[in-house]
Structure formats: structure tokens, C-alpha cells
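Read off the chains here:
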Amino acid sequence: MTVKKTVVPAVAGTTPSTTKKAPKKSADKLKIEKLEAKIATLQEDLVKKNEPQPAVKEPVVLVIPYLHSKAAGKELLLAIRAWEKNFSELTDIVIVGDMLPELNGVIGHIPHRAESDNPQVDVASKLAAVVASGLVPDRFILSNDDIFPVAPIGMEDLLTKKITGPLREKGKESTTYRENSIRTIAALKAEGITQPKDYATHLPVVLEKEKLAEVLAHYQCLKNGHMISTLYFNHHFPDARPIVVQNDIRGSIMISVWKPNPDPAALRKVMHDRQFVNVNNFGWPHVEPYLVKFFPKKSAFEK
């Protein structure tokens, strides 16, 4: 006898299932996989942390005290142009004291009214305002409106400590500047610094707020006139061996044009081979034409 097989017809649109279901993972195996994934993520994070990170650049701020009544001309504008052109690391400039109408809102300004006829006391008062200001970082460059970088410079040029030689009495007899120099010598010797150095080079210097505040307070600089840079570096770096600079034709870094009748040939030479030029009211008329020629374009800080 033949037994017939009953064939069940497939439902339209379907196919008989032939796949087997994957066996479920055990709880232990799932825990291991999660742990391995977590370890891999931690390793990736560790690699990223160990990769060199871009350095956060410290702002490089130039501070210039300015008293308009003592200016011979447009020294400040030309000094700003000189710094902008020749110091590529510069990020900001802050003026302490009077403000020129030619300058715009890009430049920082700490208003300050002259509080003393003694120039060094007035500068000390301006520097106290700098210490208290949030516009200026903990480390900054201090310069003057009559100091001009006339060649490309870097921070290393400014950080190098410079002196004119041993500290001696300076200035003409019975002048305020001479009295301030005598007071500075006495103050340092009272601190046991018997052979102080003269850091009053009329060049830019790099200062730190905390160290500066200590000097201003310790030597009562807001009350009695002192040579502040000379106090600062002798007080904090008594064993330093700075380089000696000369400000005349024999020098190599700077030239001071302080005479009413400088030799034209010598002036032309030094204006093209020094890093810095500084002037007084006598020298300004002779140096201004060179600066106008060197820096004819307005800076980003001018209107």
C-alpha cells in the first residue's frame, strides 16, 4: 500500500524558513565585551592626552607711560609704529597717563594724572596703576615714548639684562635726577648691595608685576624719587652679570641722540645699524625725519 505525503502549500509571498536562530550570548561574555570596549576607549583617551598640545601663548604687552606736556612732538605715534613693525611678538600696547586723540580704541589706556613734579615719583605712580590694572598681564614690557626700535627685535633682546656700568651719582649738581640717583644708591647699600649696577640704560625692560609691587612698596617709590629699573634689577637679581651697553658711537645696540648738533654722517650711520634709538628734546628734530621715513604708514592703533 502506498502512503501519500501531504504537501502543505506555501503562503504566497513567503518562503519556508531554513535559518537557525543565533544562540544568546552569556551574561559573562557580554560583561567581558563591555569591559574590553571601555578599556579601548580609555586607551584612546590616554593617547590623546599624551599628544603634544598647542601651547597657549602668553600675551605680550608693551606699556608706555606718557605725559603729553613733556613731549617734544609726535614721539609716541612714531614709537608705536616702530614697535608694531619691528616686534612681531607684540599683541597689545597700553598707554599710562595722557591719551592722544590720534589713537583709537584698539590701544589700551590707563588714565593717570601727574601727581608729582619729581619725574621718577610720577613714573612710580603710573607703574602702581599698571600693577593694579587688568589690562596688563603679570609680565610686561616697559618702554618710553622716546625709545624707538629701528630694527627687527625679539623677546630675547628685551629679556637680556643690560647696564651702563656701576651705579654712580648721575645728572647735574642740585637737580632732581641727581638727588634721585643718590637716594637710589643709598637705598641699595642699606640693603647690603654695596656694588649696585646702573640699569638706567634708556632701553625697554621686561618686568613682573609682583616683583615690581614689592620694589615700589619696599623703597617707598611713590613718596621719594628713585631710579626704578635700577632698584628692581639690583633688588631681585643682585648677582646678575648683565651685558654693558654704550649709548654713543662706540656702542652696538643703541644710540642716544641728546645733543642739539649731532654729526650728520655719524647719525646717518647709527640710524641704520643700531637696534634702538632714543632721544631728548634736543635730539628729536634730528631724529624725527628718519623715523617718518622709516615708519610712514599709520599703525593699527591709529584712527
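Residues numbered from 1 in each chain as written. Predicted model: local features only at pLDDT ≥ 70, side-chain atom pairs only at ≥ 80, totals over all residues. Heavy atoms only, no water.

*Asks:* Looking at this structure, how should I read the pairing of strand β4 (residues 139-142)?
*Replies:* Examined bridge by bridge, strand β1 (residues 61-66) and β4 share two bridges and lie parallel to one another. Its bridge partner lying in β4, valine 63 is registered against leucine 142. Bridge count for β4 against strand β9 (residues 205-208) is four bridges, and the pairing is antiparallel. Note on β9: the bridge partner recorded for arginine 139 is glutamate 208. (Pairing = 2+ DSSP bridges. Helix = DSSP H or I, 4+ residues; strand = E, 2+ residues; numbered from the N terminus.)

*Asks:* Hey, could you run me through the environment of leucine 67 in this one?
*Replies:* Tracing the chain through its elements places leucine 67 in the loop between β1 and α2 (75-86). For leucine 67, a relative accessible area of 26% translates into the label partly exposed. If sequence neighbours within four positions are ignored, leucine 67 has contacts with Asp98, Ala114 and Asp122. (Buried < 20%, exposed > 50% of the residue type's maximum accessible area, 1.4 Å probe, protein only. Contact = heavy atoms within 4.5 Å.)

*Asks:* What should I look at first to understand the sheet that holds strand β3 (residues 108-111) in this one?
*Replies:* Read from one edge to the other, the open sheet built from five strands follows the order β3-β2-β1-β4-β9, with strand pairing classed as mixed. The strands lining the two open edges of the sheet, one partner per strand, are β3 and β9. Taken over all neighbouring pairs, the strand axes of this sheet differ in orientation by 30° on average, direction set aside. (Axes fitted to C-alpha atoms, helices over the stretch in contact; angles between N-to-C directions.)

*Asks:* When you look at the packing of α2 against helix α9 (residues 284-294) in this model, what are you seeing that I'm missing?
*Replies:* A pair of packed helices is captured by two measures, namely the crossing angle of their axes and the spacing between those axes. Interhelical geometry of α2 versus α9 gives an angle of 45° and a closest axis separation of 11 Å. By the angle class used here, α2 and α9 are oblique. Along this stretch, α2 crosses α9, giving a crossing that reads as left-handed. Here α2 contributes Glu75, Leu78 and Lys85 to the contact with α9, which in turn contributes Trp284, Glu288, Leu291, Val292 and Phe294. (Parallel < 35°, antiparallel > 145°, perpendicular 65-115°, else oblique. Left-handed = near helix turned anticlockwise from the far one by under 90°.)

*Asks:* What's the story with the confidence of the model for the protein chain in this structure? I'm lost.
*Replies:* Do not read the fine detail of predicted coordinates wherever pLDDT is low. Confidence along the protein chain averages 90 in pLDDT terms, with 90% of residues attaining 70 or more. Contacts for the low-pLDDT stretch residues 1-8, under 50 throughout, to residues beyond four places or in other chains number zero contacts. Counting contacts from residues 10-14, a segment whose pLDDT is below 50, to residues more than four positions away or on other chains yields zero contacts. (pLDDT = per-residue confidence, 0-100.)

*Asks:* How do you make sense of the environment of lysine 303 when you look at a structure like this?
*Replies:* By the secondary structure assignment, lysine 303 is in the segment after α9. Residue classification places lysine 303 among the exposed residues on the basis of a relative accessible area of 60%. Taking the C-alpha atoms as reference points, lysine 303 and glutamate 102, separated by 201 residues in sequence, lie 5.7 Å from one another. Not counting chain neighbours up to four residues away, the residues in contact with lysine 303 comprise Pro101, Glu102, Leu103, Asn104 and Lys298.

*Asks:* Whenever I open this one, the packing of aromatic side chains confuses me. Can you help?
*Replies:* The relative placement of two aromatic rings is captured by the distance of their centres and the angle of their planes. Summed over all chains, the structure comprises eight aromatic pairs. Consider the rings of tyrosine 232 and phenylalanine 233, whose centres lie 4.9 Å apart with planes at 75°: the pair is edge-to-face. Here tyrosine 232 falls in the buried class, since its relative accessible area comes to 2%. Lysine 161 extends its terminal NZ or CZ atom over the ring of phenylalanine 237, reaching a point 4.4 Å from the ring centre. (Phe/Tyr/Trp six-rings, centres within 6.5 Å; stacked < 30°, edge-to-face > 60°. Lys NZ or Arg CZ within 6 Å of the ring centre and 35° of its normal.)

*Asks:* Could you clarify how one ought to interpret unusual backbone geometry in this entry?
*Replies:* Of all residues except glycine, most have a negative phi; of all peptide bonds, most are trans. Positive phi outside glycine occurs at serine 174, with the angle close to 65°. With respect to the secondary-structure elements, serine 174 resides in the loop between β7 (165-166) and α5 (176-190). Even without being glycine, histidine 202 reaches a positive phi, approximately 65°. Tracing the sequence through the fold places histidine 202 in the loop between β8 (197-198) and β9.

*Asks:* Which parts of the structure should I look at to understand the pattern of salt bridges?
*Replies:* Close approach of charged atoms allows side chains of opposite charge to pair. One pass over the full model with this rule turns up ten salt bridges. With a closest N to O distance of 3.5 Å, glutamate 173 and arginine 178 form a salt bridge. Accessibility expressed as a relative area gives 61% for glutamate 173, which makes it exposed. Judged by relative accessible area, which is 15%, arginine 178 ranks as buried. Put simply, aspartate 248 and arginine 250 hold a salt bridge, and the shortest N to O gap is 2.6 Å. Classification of aspartate 248 by relative accessible area gives partly exposed; the value is 24%. Each of the salt bridges in this network shares a partner with another, and the network as a whole consists of Glu169, Glu173 and Arg178. (Salt bridge = Lys/Arg side-chain N within 4 Å of Asp/Glu carboxyl O.)

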